[in-house]
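A look at the structure
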Amino acid sequence: MKNNVILVVDDELEIRALLSRFLARKGYEVFSAGTLSEGRRLVNERNPNLIFLDVNLPDGNGLKELKKWAQDFDSLNVIMMSAFDHLEAREEAIKSGALHFLSKPFNLARLEQVIQKDIFNN
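Now for a description of the structure that goes with this document. What you see is a predicted model, and the numbers here were worked out from it, not measured in a lab.

This part covers the environment of E14. By the element assignment, E14 lies in helix α1 (residues 13–25). The spatial distance from the C-alpha of E14 to the C-alpha of R90 is 23 Å, given a sequence separation of 76 residues.

Shown next, in the form of structure tokens:
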């Protein structure tokens, strides 16, 4: 899956490891970050096709970062994630440009469908 680069930004090591292993086994090139500042650096360095972005991070709010990225980048595919499935956060994420909003824990089979169908059109 050439050029299918995915970035996972989540402060939970278990989530980063689970997603990274799962996606790497599917053939994607995966990078991960535990903070927004690390995520920003990797967005600029690696130019990912898809970003999994947690709402609550130790150094900021993923929804606010999504809005900033939407202004700074022409085309950025973002899937927001949160352990708290609040309707307001879900609606704000989609309104701000997220393709999907996943509640943790999430189903990996459904996750793969979303990636293949909506992101990489496989």
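Before going further, it helps to examine the pairing of strand β2 (residues 29–33). Relative to β2, strand β1 (residues 5–9) runs parallel, the two sharing five bridges. Note on β2: the bridge partner recorded for I6 is V30. In the classification by handedness, the crossover that spans β1, the intervening α1 and the parallel β2 is right-handed.

Here we come to the sheet that holds β2. The five strands lie next to each other as β2-β1-β3-β6-β7, forming an open sheet whose pairing is parallel. The outermost strands of the open sheet, each flanked by one partner alone, are β2 and β7 (100–103). Across the sheet, the mean angle separating the axes of adjacent strands is 20° when strand polarity is ignored. Pairing between β1 and strand β3 (residues 50–54): four bridges, direction parallel. For V8, the partnering residue across the bridge sits in β3 and is F52. Sheet strands in contact with helix α2 (residues 36–46) are β1, β2 and β3, and its direction is about 150° off that of β2. Across the sheet, helix α4 (residues 87–95) is in contact with β6 (77–82) and β7; its angle to β7 comes to roughly 150°.

Moving on to the side chain of R16. With respect to the element layout, R16 can be found in helix α1. Buried charge without a partner: R16 forms no salt bridge, and the closest opposite charge is D10, 5.7 Å away. In terms of polar contacts, R16 uses its side chain to reach the backbone carbonyl oxygen of D11, at 3.4 Å. Each residue touching R16, except ones within four places of it in the same chain, is listed here: V8, D10, D11, S32, A33 and G34.

Helices that pack against each other are described as a pair by the angle of their axes relative to one another and the distance between those axes. Direction vectors running N to C along helix α3 (residues 62–72) and α4 enclose 15°, while the axes themselves pass 10 Å from each other. When the axes of α3 and α4 are compared, the pair comes out roughly parallel. Considering the relative orientation of α3 and α4, their crossing is left-handed. Of the residues in α4, those in contact with L63, L66 and K67 of α3 are A89, E92 and A93.

Further remarks concern α3. Of all the positions in α3, only G62, L63, E65, L66 and W69 are classed as buried. Down the axis, α3 shows its buried residues gathered within 155° of arc, on one side only. In α3, the exposed residues that point more than 90 degrees away from the buried face are K64 and Q71. Two to three positions downstream of the cap, the backbone nitrogen of L63 sits 2.7 Å from a side-chain oxygen, assigning the N-cap of α3 to N61.

Analysis parameters
- Residues numbered from 1 in each chain as written.
- Predicted model: local features only at pLDDT ≥ 70, side-chain atom pairs only at ≥ 80, totals over all residues.
- Heavy atoms only, no water.
- Helix = DSSP H or I, 4+ residues; strand = E, 2+ residues; numbered from the N terminus.
- Pairing = 2+ DSSP bridges.
- Right-handed = clockwise from strand over helix to strand, strands pointing away.
- Axes fitted to C-alpha atoms, helices over the stretch in contact; angles between N-to-C directions.
- Contact = heavy atoms within 4.5 Å.
- Buried < 20%, exposed > 50% of the residue type's maximum accessible area, 1.4 Å probe, protein only.
- Lys, Arg positive; Asp, Glu negative; His and termini not counted.
- Salt bridge = Lys/Arg side-chain N within 4 Å of Asp/Glu carboxyl O.
- Polar contact = N/O pair within 3.5 Å; in protein donor to acceptor, adjacent residues only side chain to side chain.
- Parallel < 35°, antiparallel > 145°, perpendicular 65-115°, else oblique.
- Left-handed = near helix turned anticlockwise from the far one by under 90°.
- Arc of directions from axis to C-beta.

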